[in-house]
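# Chain and residue survey
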Amino acid sequence: MKRTRPTLTFALSLLTLSILLYGCNKKSNGLFVSEVNIIPAPQSIEPQDGSFLITDETTFSSSEEFKYANQFFQKYILNGTGIKLKPQSIPEKADVRFKTDTTLPAEGYRLSVSENGILLEGADKAGVFYGVQTIRQLLPAEMEAAMVLKKSAVEIPAVVITDAPEFSYRGMHLDVARHFFPKEFIKKYLSYLAMLKMNYFHWHLTEDQGWRIEIEQFPRLITHAAFRDETLIGHYSDTPQKFDGQRYGGFYTREDIKEIIAYAEAHHITIVPEIEMPGHAQAAISAYPELGCSGEQVQVATKWGVFENIYCPNQKTFAFLKGVLTEVIELFPGEYIHIGGDEAPKTQWKQCAHCQKLIRDHGLKDEHELQSWFIKEIETFVNSKGKSIIGWDEILEGGLAPNATVMSWRGTQGGIEAAKSGHKVIMTPTSHAYFDYYQSEDPKEPLAIGGFLPLEKVYGFDPIPDELTDEEAQYVLGAQGNVWTEYMKTEQQVEYMIFPRMLAMSEVVWSGPTDNFEEDYPDFVNRVELFHERLKELDVNYANHLYSISGEVLKRKDGIYYKLSTPTSGKLIKYKLPEGPLTEYHEPFPIGGMRTQIKAMVYKKGQIVSDTFVEDITFHKGMLSKIKLNTAPHKTYSSGGLAALNNGVRGSDSRYGDSEWLGFWGDDLEITIELGTQQELSWISTSFFHAPGQWIYSPKNVTLLTSNNGKDYQIDQTLNLEPDASRVNAILNINAIKTKFIKLKIPNFGTIPDGKQGAGNKAWTFIDEIVIQ
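Quick caveat: nothing in here was measured; it's all calculated off a predicted structure. (Residues numbered from 1 in each chain as written. Predicted model: local features only at pLDDT ≥ 70, side-chain atom pairs only at ≥ 80, totals over all residues. Heavy atoms only, no water.)

### A word on the overall build of the protein chain
The following threshold applies: Secondary structure elements follow DSSP: runs of H or I no shorter than four residues count as helices, runs of E no shorter than two count as strands, and numbering proceeds from the N terminus. Just to be clear, the radius of gyration here is over C-alpha atoms, and the globule rule we use is 2.2 Å times residues to the power 0.38. Using a 1.4 Å probe on the protein chains alone, a residue whose accessible area is under 20% of its type maximum counts as buried, one over 50% counts as exposed, and one in between counts as partly exposed. In this description, contact between two residues means that some pair of their heavy atoms is separated by no more than 4.5 Å. Calculation of accessible area relied on Shrake-Rupley with a 1.4 Å probe; when residues are assessed, cover is drawn exclusively from the protein chains displayed. Residues scored as positive are Lys and Arg, those scored as negative are Asp and Glu, and His as well as the terminal groups of each chain are ignored. Charge placement uses NZ in Lys and CZ in Arg. For Asp and Glu, CG and CD serve respectively.
On a plain count of helices and strands, the protein chain comes out with 18 helices and 39 strands. Radius of gyration (C-alpha) of the protein chain: 28 Å, near the 28 Å computed for a compact globule of 773 residues. For the C-alpha atoms alone, the extent of the protein chain along its principal axes is close to 90 × 75 × 50 Å. The buried share of the protein chain, reckoned over its 773 residues, is 58%. Of all intrachain contacts in the protein chain linking residues separated by at least 6 positions in sequence, the fraction that spans at least 24 positions is 71%. When the accessible area of the protein chain is evaluated, it comes to approximately 30800 Å², of which 48% is carbon and sulfur surface. Charge centroids of the protein chain, computed over 77 positive and 100 negative side chains, lie 2 Å from each other.

### Points about the sheet that holds strand β25 (residues 559–565)
Stated formally: Should DSSP find at least two bridges between two strands, the strands are taken to pair. Inter-axis angles, ranging from 0 to 180 degrees, are taken between N-to-C directions of lines fitted to C-alpha atoms, where helices are fitted over the stretch in contact.
Strand order across the open sheet formed by three strands is β24-β25-β28, with antiparallel pairing between neighbours. Edge positions in the open sheet fall to β24 (550–556) and β28 (589–591), since each of these has one partner strand only. Direction aside, neighbouring strands of the sheet carry axes that sit 40° apart on average. Two elements, β24 and β25, share seven bridges in a ladder whose sense is antiparallel. Looking at β25, one finds that Val553 is bridged to Tyr562.

### Quick notes on the packing of helix α8 (residues 315–331) against helix α11 (residues 367–384)
What counts is decided by this rule: Relative orientations are named as follows: roughly parallel for angles under 35 degrees, roughly antiparallel for angles over 145 degrees, roughly perpendicular for angles from 65 to 115 degrees, and oblique for any other angle. The handedness criterion is simple: a crossing whose near helix is rotated anticlockwise from the far helix by less than a right angle is left-handed, and one whose near helix is rotated clockwise is right-handed. Just so you know the grouping, Ala, Val, Leu, Ile, Met, Phe, Trp, Tyr, Cys and Pro go in nonpolar, Asp, Glu, Lys and Arg go in charged, and all remaining residues, Gly too, go in polar.
At a minimum axis separation of 11 Å, α8 and α11 run at an interaxial angle of 40°. In terms of axis orientation, α8 runs oblique to α11. As α8 runs across α11, the sense of the crossing is right-handed. Only Trp373, Phe374, Glu377, Ile378, Phe381 and Val382 of α11 make contact with α8, whose side of the interface consists of Thr317, Phe318, Leu321, Lys322, Leu325 and Thr326. The class makeup of the residues in the contact of α8 with α11 is eight nonpolar, two polar and two charged.

### As for the pairing of strand β19 (residues 336–340)
Of all the five residues making up β19, five are buried; the element is thus mostly covered by neighbouring parts of the structure. Residue alternation in β19 divides its side chains into two sets, Tyr336, His338 and Gly340 and Ile337 and Ile339, and both sets are buried. Both strand β18 (residues 270–277) and β19 contribute to a ladder of two bridges, which runs parallel. The residue bridging Glu274 from the neighbouring strand is His338, located in β19. Relative to strand β20 (residues 388–392), β19 is paired through three bridges, and the arrangement is parallel. Looking at β20, one finds that Ile337 is bridged to Ile389.

### Brief notes about helix α16 (residues 491–498)
Those residues of α16 that fall on the buried side of the exposure criterion are Val494, Glu495, Tyr496, Met497 and Ile498. In this structure, the buried residues of α16 make contact with β10 (169–175), α4 (183–195) and α17 (501–510).

### Things to note about the sheet that holds strand β23 (residues 476–481)
Taken in spatial order, the eight strands close into a barrel running β10-β11-β18-β19-β20-β21-β22-β23, and their pairing is parallel. On average, each strand axis in the sheet is tilted by 30° relative to the strand beside it, whichever way the strands run. Lying on the sheet, α11 is in contact with β18, β19 and β20; it crosses β20 at an angle near 150°.

### Re the pattern of salt bridges
As a working rule, side chains carrying opposite charge can pair if their charged atoms are close by. For clarity, the threshold we go by: In what follows, salt bridge is the name for a side-chain nitrogen of Lys or Arg lying within 4 Å of a carboxyl oxygen of Asp or Glu.
With the rule as written, the count across this model stands at 32 salt bridges. Notably, a salt bridge pairs Glu259 with Lys187, separated by 2.8 Å at the nearest N-O pair. Remark: Lys187 occurs in helix α4 and Glu259 occurs in helix α6 (residues 254–266); sequence separation between them is 72 residues. The closest approach of N and O atoms between Glu327 and Arg254, which form a salt bridge, is 3.4 Å. Residue Glu327 is located in helix α8, and its partner Arg254 is located in helix α6; the two are separated by 73 residues in the primary sequence. In this pair, the class of Glu327 matches that of Arg254, namely buried. Connected via shared salt-bridge partners are Lys183, Glu184, Lys187, Asp256 and Glu259.

### Overview of the nonpolar core
Here is the rule we go by: Nonpolar cores were defined as sets of buried Ala, Val, Leu, Ile, Met, Phe, Trp, Tyr and Cys residues, with membership established by side-chain atoms within 4.5 Å.
Residues Trp203, Trp211, Tyr311 and Phe320 are the most contacted members of the largest nonpolar core, which totals 200 residues. Judged by nonpolar contacts, the second largest core, of 26 residues, contains Ile673, Leu681, Ile767 and Ile772.

### Concerning the side chain of Glu660
The condition that has to hold: Two N or O atoms count as a polar contact when they lie within 3.5 Å, although within protein this holds only if one can serve as hydrogen donor and the other as acceptor, and sequence-adjacent residues are included solely when both atoms are side-chain atoms.
With respect to the helices and strands, the residue Glu660 is situated in the loop between β32 (626–629) and β33 (662–665). Buried charge Glu660 goes without a salt bridge, the closest partner of opposite sign being Arg727 at 9.2 Å. A polar contact of 3.0 Å, which involves the side chain of Glu660, links it to the side chain of Asn647.

### Comments concerning the packing of aromatic side chains
For clarity, the cut-off: Each Phe, Tyr or Trp ring (for Trp, its six-membered ring) is paired with any other whose centre lies within 6.5 Å, and the angle between the two planes then decides the class: stacked below 30 degrees, edge-to-face above 60, tilted in between. Remark: a charge is flagged as sitting over a ring if the NZ atom of Lys or the CZ atom of Arg is within 6 Å of the ring centre and within 35 degrees of the ring normal.
One pass over the structure, following the stated rule, counts 48 aromatic pairs. Measuring from centroid to centroid gives 6.4 Å for Tyr200 and Tyr336, while their planes differ by 50°, and the two rings are tilted. Of this pair, Tyr200 sits in strand β11 (residues 200–204) while Tyr336 sits in strand β19, and the two are 136 residues apart along the sequence. Since its relative accessible area comes to 10%, Tyr200 is described here as buried. Every member of this aromatic cluster is reached through a ring pair, and the members are Phe180, Phe181, Phe185, Tyr189, Phe201, Trp203, Tyr252 and Phe332. A cation over an aromatic ring shows up here: Arg247 above the ring of Phe227, its NZ or CZ 4.2 Å from the ring centre. Its end group placed over the ring of Tyr713, Lys743 keeps NZ or CZ at 4.2 Å from the ring centre.

Shown next as structure tokens:
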């Protein structure tokens, strides 16, 4: 089932409306004039004639019920302009008035701006607060730079906006365990959520690499587990691995957490604290070795990944976890406690006599059912305290706890399974919601874990899978963006990775998923371009790829052409071929030869606004061939489609997630290539990515078969591969054979062995360009 985004009640896009009403953000005679540019897009906008002026004579009335919205609004106007609104005790006489309208949907609001004043009606306290956030975006971006400018008046366009969220859970996550971020940044992070009408903050507080929350019963969690001896430098897959030799850590005191909770409450945000179990527990076990199955001393982890030191399901562990959860529940007022449940290797449980006895005594089938028993024990305790648990989708394995909410991250299948069984679901698949993935193919991007998640893919996310019926879809509460910080050491890096992708996620969960991407996305991108001005005023280190260039090889009957594009409208692209002049781009142009290099830049108002785009293309006999696969690439790693295998473009040596690599999870791969005519060939080559830390393994061998009729194939050769770098090249020499069909058989590596990252899971295979000469 697919929910569709309600259409706006006027024919013009938000961007067009802003231009028609006011053009650019004009300023004159100390007067601010605003423009309409709202993210997430409201459900309905009706433009009216005129505008309203906020001055030092403007009066304001609102119920104390809306104290947080009242405080935010008055402070925002004062800090942004120096204008102090005058209180009006008689609501009907106020120029600006906030009131309740219980006929509106939960968290919804109606904003009416006329020449006579502003009326904001909300379904509830949250609805009024979100209406204030919309007023904020109707006001000039310069007002975000508090106390910088003093103005005598600020103008807001006359408009009627009726709005409410599509999903009740609209979340963002932050991992503070891999890298620690101070209290003031957490509050700033929360302010970003509030601006975009997001209402849940998933706070990942414990990990193998550090424990970040003070627990009074267990002081060694902050004196020992909160600090590691050193930290990995560079990427996990680098060989050899290097470390900085510097002690690192930090934690939040109970008073810090109370302050952050109060700040979240004032911004209508519920915090979901995460205490990981039974895996990702090495820091805690380092502080209290009796919590592990071996009882041996281990260090707080100094590198990333998954570790075999997990909580042992014994009485000491349950006493510890119940003590921790008691203090966490006392601190956090929200309904949910996240208990993790992901990536828990069972190696130690298999070797533990106590664990094996538990399996026998409780009639459990295996260690997966033992984890399910573990989670159910914890859920019973959490439920007894009036709270509910959330867990990553691994908690489905071995049987789901009765009242658990599933956070589906390994794709959407876990969420589908949970919803079909009547469990609440929050969608956060790696394919659309992992903001630690690269967001651009630009080689100058800061180091990231891998993957590729551009803005447009986040925007195109639909949290409701087609496999669900209307009734089952009601169990999907919403979605969230995840920010894992292995490769984010600073606040600026976090901001760079969340913006602007967080804007897209906010629109998905508030406005609803688009049902017309081709029309909606260009409008969204134009609004993002304008929203960047607001982020600048807020001093946010956002990523700007709106002026980036994408290239595509097109294959036509009359030859091979090249297409250039850039996301935002109204820009000019100029390109250059090796032997040609700088040329304005208007349509795809022909390319040819043995090799060529295309350079291009984006111009705005005559000025270069992009980095130089460079694409190298190597022509070969397979570029016009037809390719068939026995299995489709995984949808997370398929952005280049089949064309990525024979478009003449080589994938990155360091990033498996770009559009030139195709990824397959656990599948034996068979690639059939039809050349069209019988051709004499000398060699065929391709490449595989090899990064065991990311569960990616080069195949052990590749077999080449040839045929002249597409039915009867003969084996030409099998090449054994021994990976010694991240790119593993496979070159098959075929001695001037004449053939019309080629088949490559590429067996998957198989199950990842014990002791390796992802042990017990299927390995990934990533393949690049197939070059035929």
